Amino acid sequence: MNSQQIKQTDAEYILPTYARFNLCLVKGKGCTAQTPEGDTYLDFTSGIGVNSLGWCDDEWAAAVAAQAATLQHTSNLFYTEPATQLAQSLCQRTGMAKVFFGNSGAEANEAAIKAARKYSLDKYGEGRSTIITLQNSFHGRTMATLTATGQPSFHQHFGPFLPGFVYLPANDITALQAALTPGVCAVMFEPVQGEGGVVALTAEYQQALQSLCNTNDVLLIADEVQTGVGRTGTFLACEQAGITPDIVTLAKGLGSGLPIGAALFNQKCAGTLGSGTHGSTFGANPVCCAGANVVLNRLTPAFLAEVTQKANLLKTGLLALPGVASVTGLGLMLGVDFTNGLTAGAVQQAALQNGLLCLLAKNKLRLLPPLVITTEEIQTGLQILQKTLEGLQ
Ligand SMILES: *Cc1c(COP(=O)(O)O)cnc(C)c1O
């Protein structure tokens, strides 16, 4: 099919829940993707922070293909090696004790929410089920994670929502102290709010979260679905604030393009979800885990140090561009604001015309390039953005 045929058939048969780029992609390699007509684009999106190793990394593709040709699914009624290895690597990397595998960020967060409620019920009985999340947060699209999401715009149309969620302003320690009433069982937060506009929480606030939660035996849940797995230059973004949450959720970059999510539990709550309390048919799929194992092996300290170097290069380059007002975020997760009434949407569309794929988050241009992007590709992307912005002045 050519692009026109694909778009027509999509319009006819796929539910129109997404605002798509006016672009069909048929193949990709590294940070470059190609249309059916052979046009190529440089990628600053990673499929929304997913393709951490870019498109079709050789080692990743070989491991995934080999696993698909060996044992593609067993159900969780059997032991398998790829999931076992991945869980071990995740615990060794993070200091967490045990892992639950699902297929998405929302599903990882569902596991975290259920575990937090049960942890409290087991220990304190009924009446301690409130979960605090932050205004402007994003935790997923299922009913519980949508309820947890602190953005009223996402809440339109779908009520009634789950009881027991409270939304606090980010970086406000006084509000946090006041909200930690005896009915609270957990606080869930993103170290950098991604969908909310690439807003990093301060280290001071994250440390206050940790110490206040510890004092009150309230579980601290870090939603690292977007920030985790090297995106910010450390394996977890929390490491940079010097905190160790009770539960960490991962998904987007974990499988480098395969659907996998994980909820990691520390020793304190690793025993909460016991036999029969939770499950997921496709969770811990061996093919997805084989892909994720390649990602974890690739993320050495040297690789992560390079991510930080490349992130600094990108951020410095962005700040030097005409019309850029500010750059927010952490590592290779950046948000750009513009001056002179220039909208991020206009910049995104014009950059697309010039061969560069960028994302949006609220009113910002959001950049999530693959972690394997080269410094040359960053320079090329910056040149395209420069040309784009000059064209829009
Ligand atoms: C994307 C995202 C989610 C939801 O992940 P899905 O895989 O789409 O369910 C949850 N939390 C954060 C922080 C995210 O960025």
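Everything below is about the structure shown above.
Residues numbered from 1 in each chain as written. Predicted model: local features only at pLDDT ≥ 70, side-chain atom pairs only at ≥ 80, totals over all residues. Heavy atoms only, no water.

*Asks:* Any chance you could explain the packing of aromatic side chains here in plain terms?
*Replies:* Aromatic ring pairs are reported here in terms of the distance separating the ring centres and the angle at which the planes meet. Under the definition given, this model contains 1 aromatic pair. Ring geometry for F138 and F154: centres 5.3 Å apart, planes at 55°, overall tilted. Within this pair, whereas F138 is found in the loop between β5 (130-134) and α6 (143-148), its partner F154 is found in helix α7 (residues 152-155), the two being separated by 16 residues in sequence. Assigned by exposure class, F138 and F154 land together as buried. The ring centre of Y124 lies 4.1 Å from the NZ or CZ of R128, which sits over that ring. (Phe/Tyr/Trp six-rings, centres within 6.5 Å; stacked < 30°, edge-to-face > 60°. Helix = DSSP H or I, 4+ residues; strand = E, 2+ residues; numbered from the N terminus. Buried < 20%, exposed > 50% of the residue type's maximum accessible area, 1.4 Å probe, protein only. Lys NZ or Arg CZ within 6 Å of the ring centre and 35° of its normal.)

*Asks:* Mind showing me how you'd approach the side chain of H139 here?
*Replies:* Relative to the assigned elements, H139 resides in the loop between β5 and α6. One polar contact links H139 to D223, side chain to side chain, over a distance of 2.8 Å. Residues within four places of H139 in sequence aside, it is in contact with A106, N109, T133, T145, A148, T149, M188, F189, E190 and D223. (Polar contact = N/O pair within 3.5 Å; in protein donor to acceptor, adjacent residues only side chain to side chain. Contact = heavy atoms within 4.5 Å.)

*Asks:* What is the right way to read the environment of L299 from this model?
*Replies:* By the element assignment, L299 lies in the loop between α10 (286-298) and α11 (301-319). Between the C-alpha atom of L299 and that of V229, which follows or precedes it by 70 residues, the distance is 8.0 Å. Filtering out sequence-adjacent residues up to four positions away, L299 remains in contact with R93, V229, G230, F235 and L304.

*Asks:* Explain the sheet that holds strand β4 (residues 98-102) here, please?
*Replies:* Paired through their backbone hydrogen bonds, the strands of a sheet run either parallel or antiparallel. Read from one edge to the other, the open sheet built from 7 strands follows the order β4-β12-β11-β10-β7-β5-β6, with strand pairing classed as mixed. The strands lining the two open edges of the sheet, one partner per strand, are β4 and β6 (165-168). Pairwise comparison of adjacent strand axes, ignoring direction, gives a mean angle of 20° for this sheet. Bridging between β5 and strand β7 (residues 184-189) involves 3 bridges; their strand directions are parallel. Bridged to I132 within β7 is V187. Against the sheet, helix α9 (residues 203-216) engages β5, β7 and β10 (219-223), with an angle of about 160° to β7. (Pairing = 2+ DSSP bridges. Axes fitted to C-alpha atoms, helices over the stretch in contact; angles between N-to-C directions.)

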